[in-house]
Amino acid sequence: MNRNFPQFRRAVALIMLVVLATGCTSLYDRNKPIVALDVPSLRDIYADYFDVGVAVSLAGWSPQTFANHQDLIEWHFNSLTAENEMKPDALQPREGAFSFSTADKMVDYAVDNNLKVRGHTLVWHNQTPAWFFRDEAGDLIHEKPKEAITEADRELVKRRLEEHIEQVMTHYAGKVYAWDVVNEAVSDHYTTTHRPDSPWYIILGEDFMRIAFTKAHEVDPEAKLFYNDYNPEMYYKRGRTIDMLKSLLDEGVPIHGIGIQGHWSANGLNVREIEESIRMYAELGLEIHITELDVGRKGATEAQQAEAYRQLFRMFKRNSDVITSVTFWGTTDDVSWRRDENPLLFDAKKQPKPAFWAIVDTEKPWQQNRDEYLRR
Ligand code: G3I
């Protein structure tokens, strides 16, 4: 055997050096981009607890998001909400002129990919065209003095409300399993239960809730019907919300659940208060959906945001007897309505943030979850 010994020794030394170096330093690179589909799947992690949903948009300033984020959507989520496309201004911009095509794209995509769909939203004071509230002469009814609002005005608005629900829910029957029937009806001020600036309330009074839920149940008896709001878990708004829902439920109005939006902040998050409220709503017999989760980072570090998410998901799991769905209000920070607060789990490059790793296993620190993944 004719071996070139000096060369052979050099090669062996080099190999040993590489082996030693990799053994002494890290086996993995924390800065290496992570492939979105390679990380643990949230919908699998939470399969025994609740659905994990996400809101996406085809409208506005970032219409490409829906196409670009389908990898994230399909890997991590099993429920979809249209961020804007099912609101009244999108679905019925002019009276009788229903425009379903954009929302249909999202719903068809969801059905094709085994994602449930939450419908958002049928009745809201916002993103609702003015025509809903005009009288026969074209004047805005809710801007008239109270005593000038006639029975005919009320009938007209009630008819439009019911017609909208009828057309939209019929169109999506069998595809949309849960609806935010009424969104944000409760006042932020302790002196009134209903928010006083809602045209629905000004024109129809408290009755608009009854009308909406009754009609929704009649149109699609299979659909789960939710009342959805921001801050119903907070002490300042909880009493009024509970009183309103309780009196409607006592009358037999078909409300099946409450949507707690969950636009929270890492700084000052009160998980105990949220949990207490969840139990109080559950005592009314309501199912709980967290419908628009994002946890803003203003004044907090990434690690503090991760800890806030960890605490929240620990609590959600503890209450998974009543929480059946948790939906994030967006995929990546850059397309969030709160993008200046980076409130979501993935950054603009679709890279999982500490907040993501924190909820992979809520019993461990986020770094450990990430490092265990990187070491595989
Ligand atoms: O569609 C127009 C587009 O044509 C125009 O070029 C663009 C310019 O700004 O505006 C587009 O509309 C925007 C729309 O989002 C679609 O992107 C509106 O200005 C903007 O106001 C609207 O914001 C939405 C907001 O609801 C409006 O109320 C947010 O995306 C959406 O995340 C947010 O969602 C609400 C929930 O429905 C209810 N709970 C609170 C939550 C956050 O506000």
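A brief report on the enclosed structure follows. (Residues numbered from 1 in each chain as written. Predicted model: local features only at pLDDT ≥ 70, side-chain atom pairs only at ≥ 80, totals over all residues. Heavy atoms only, no water.)

## Focus: the overall build of the protein chain
Then, in step 1: Along the backbone of the protein chain there are 14 helices and nine strands.
Then, in step 2: With the C-alpha coordinates of the protein chain rotated into their principal frame, the extents come out at 105 × 40 × 35 Å.
Then, in step 3: In the protein chain, once contacts between residues fewer than 6 apart in sequence are set aside, the share between residues at least 24 apart is 78%.
Then, in step 4: Counting every atom, the protein chain has about 17400 Å² of accessible surface; 51% of that belongs to carbon and sulfur.
Then, in step 5: Distance between charge centres in the protein chain, computed from 44 positive and 58 negative side chains, equals 9 Å. (Helix = DSSP H or I, 4+ residues; strand = E, 2+ residues; numbered from the N terminus. Contact = heavy atoms within 4.5 Å. Areas by Shrake-Rupley, 256 points an atom, 1.4 Å probe, with all protein chains shown as cover. Lys, Arg positive; Asp, Glu negative; His and termini not counted. Charge placed at Lys NZ, Arg CZ, Asp CG, Glu CD.)

## A closer look at the packing of aromatic side chains
Then, in step 1: Overall, the coordinates contain 21 aromatic pairs when judged by the stated rule.
Then, in step 2: Between Phe 346 and Phe 356, the aromatic rings sit 5.3 Å apart at their centres with planes inclined by 40°, giving tilted as the arrangement. With Phe 346 in the loop between β9 (323-328) and α13 (354-360) and Phe 356 in helix α13, this pair connects stretches of sequence that are ten residues apart.
Then, in step 3: Under the relative-accessibility criterion, Phe 346 is labelled buried at 2%.
Then, in step 4: For Phe 356, a relative accessible area of 0% corresponds to the buried category.
Then, in step 5: Connected via pairs of aromatic rings, a cluster forms that spans Tyr 46, Tyr 49, Phe 50, Phe 77, Tyr 309, Phe 313, Phe 316 and Phe 328.
Then, in step 6: The ring of Tyr 177 carries the charged tip of Lys 116 above its face, separated from the ring centre by 5.0 Å. (Phe/Tyr/Trp six-rings, centres within 6.5 Å; stacked < 30°, edge-to-face > 60°. Buried < 20%, exposed > 50% of the residue type's maximum accessible area, 1.4 Å probe, protein only. Lys NZ or Arg CZ within 6 Å of the ring centre and 35° of its normal.)

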